Amino acid sequence: MKTKLLAALMTVSLATPAFADLSGKLVLYTSQPNADAQQTVDAFKAKHPGLEIEWVRDGTSKVMAKLQAEFAAGDPQPDLLLIADTVTMESLKKEGRLLAHEGADVSAYDPAIMDKDRTYFSTKLITTGIVYNTGASMVPASYKDLLKPEAKDSFAMPSPLTSGAATIHMVSVTSNPDLGWAFYEGLAEQGALAQGGNGGVYKAVAGGEKLYGFLVDFMAIRGAAEGAPVAFVFPEEGVSAVTEPVAILKTAKNVEAAKAFVDFLISEEGQALAASQGYLPAHPGVPAPKGFPARDKIKLLNFDPAAALEGDAANKMKFEEIFGG
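These remarks concern the structure in this document. (Residues numbered from 1 in each chain as written. Predicted model: local features only at pLDDT ≥ 70, side-chain atom pairs only at ≥ 80, totals over all residues. Heavy atoms only, no water.)

**With respect to the overall build of the protein**
Just so we agree on the cut-off: Note on conventions: DSSP H or I runs of at least 4 residues are helices, E runs of at least 2 residues are strands, and numbering of each starts at the N terminus. Buried means the residue's accessible area, taken with a 1.4 Å probe over protein chains only, is under 20% of the maximum for its type, while exposed means over 50%, and partly exposed covers the values in between. Whether two residues are in contact is decided by their heavy atoms: any pair within 4.5 Å suffices. We get accessible surface area from the Shrake-Rupley algorithm with a probe of 1.4 Å; when it comes to residues, only the shown protein chains can shield them. By the counting rule applied here, Lys and Arg register as positive and Asp and Glu as negative, while His and the ends of each chain are not counted. Charge positions come from single atoms, namely NZ of Lys, CZ of Arg, CG of Asp or CD of Glu.
Regarding its fold elements, the protein presents 12 helices and 13 strands. Taking all 325 residues of the protein together, 51% fall into the buried category. Within the protein, contacts between residues at least 6 apart in sequence are counted, and of these 76% link residues at least 24 apart. Summed over its atoms, the accessible surface of the protein is roughly 14,800 Å², and 54% of this surface lies on carbon and sulfur atoms. Within the protein, the 39 negative side-chain charges are centred at a point lying 3 Å from the centre of the 29 positive side-chain charges.

**Thoughts on helix α10 (residues 268-276)**
Within the span of α10, buried status applies to Gly-270, Gln-271, Leu-273, Ala-274 and Ala-275. Contacts made by the buried residues of α10 are with α2 (34-47), β6 (124-133), α9 (255-266) and β13 (280-281). One or two residues past the end of α10 sits Gly-278, with phi positive at roughly 95 degrees.

**Remarks on unusual backbone geometry**
Phi at Arg-118 takes a positive value of approximately 55 degrees, unusual for a residue other than glycine. Following the sequence through the fold, Arg-118 ends up in the loop between β4 (98-99) and β5 (120-121). At Asp-153, a position not held by glycine, the phi torsion is positive, near 60 degrees.

**So, the side chain of Arg-295**
Short version of the rule: Criterion for a salt bridge: a side-chain nitrogen of Lys or Arg within 4 Å of a carboxyl oxygen of Asp or Glu.
Summarising the element assignment, Arg-295 is placed in the loop between β13 and α11 (305-310). No salt bridge is formed by the buried Arg-295. Its closest oppositely charged neighbour is Asp-110, at 4.7 Å. Other than its neighbours up to four places away in sequence, Arg-295 contacts Leu-125, Pro-281, Ala-282, Pro-284 and Leu-300.

Everything listed is a geometric property; what it means functionally is a separate question.
Here you go:
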């Protein structure tokens, strides 16, 4: 009897992904920068050398266009997606495209950044706050400081019509009862420039064309470390966050390897890798990289991906009414 029980336990253990000899091909579509994607794949493959990992990198909108074409043709290629935002993941979840990973350990994480049905998982926090040129006379502490005369005609922001992070920031800020759409209307009255993506805002502020802007954290913090005249502010109301979620498609061909990849990204080891790449880890127990405040000192604005998806068209129409197309 004891021998049979031991044999049964060994069978279960060998079937568990953490101990399985993973093999075959794993296909990842990602919007990570090339160097980060290669590092992530290399670190995972070092743990599972029997796997062949193929990855495709592009911006989230182009990744999704490619995937939608594959859906239409009935032949989706990736096992996994690792893309910029939860709104896109929520859309795929609504279409029934994602596979739940019930066994994923998210116990250490803030439930607000994880899908309750475990179909997608946040892997880092790329926050949007305020960047300013260090030559500016006023150092903002609050979003409302951007409505002061010192910021008149000196502010730039990425457009939600082209940037996913800007969309999430717009929804998070305008949902804040102390700010709302009135704050965005105030920015427009201040002569705010709202166009393009985060790269353009960084160049404008670092180059002195503008003194203030909304920007993702790592651009400003990396720039400051390299000597650019910029600094990043986590406003007192809080910051929005793009969480670069990972998800397994229901059409995945190598499900066990895909689950192991998810488990790796949300493990402390995977989170330490994200920190080493200069990103704020989503795991509260993993130290933030140099230049960031401690994770527990960063206040996140409330954000509901499902509500954001529901109101996406109306929110963007409102933005166009205020700032133009």
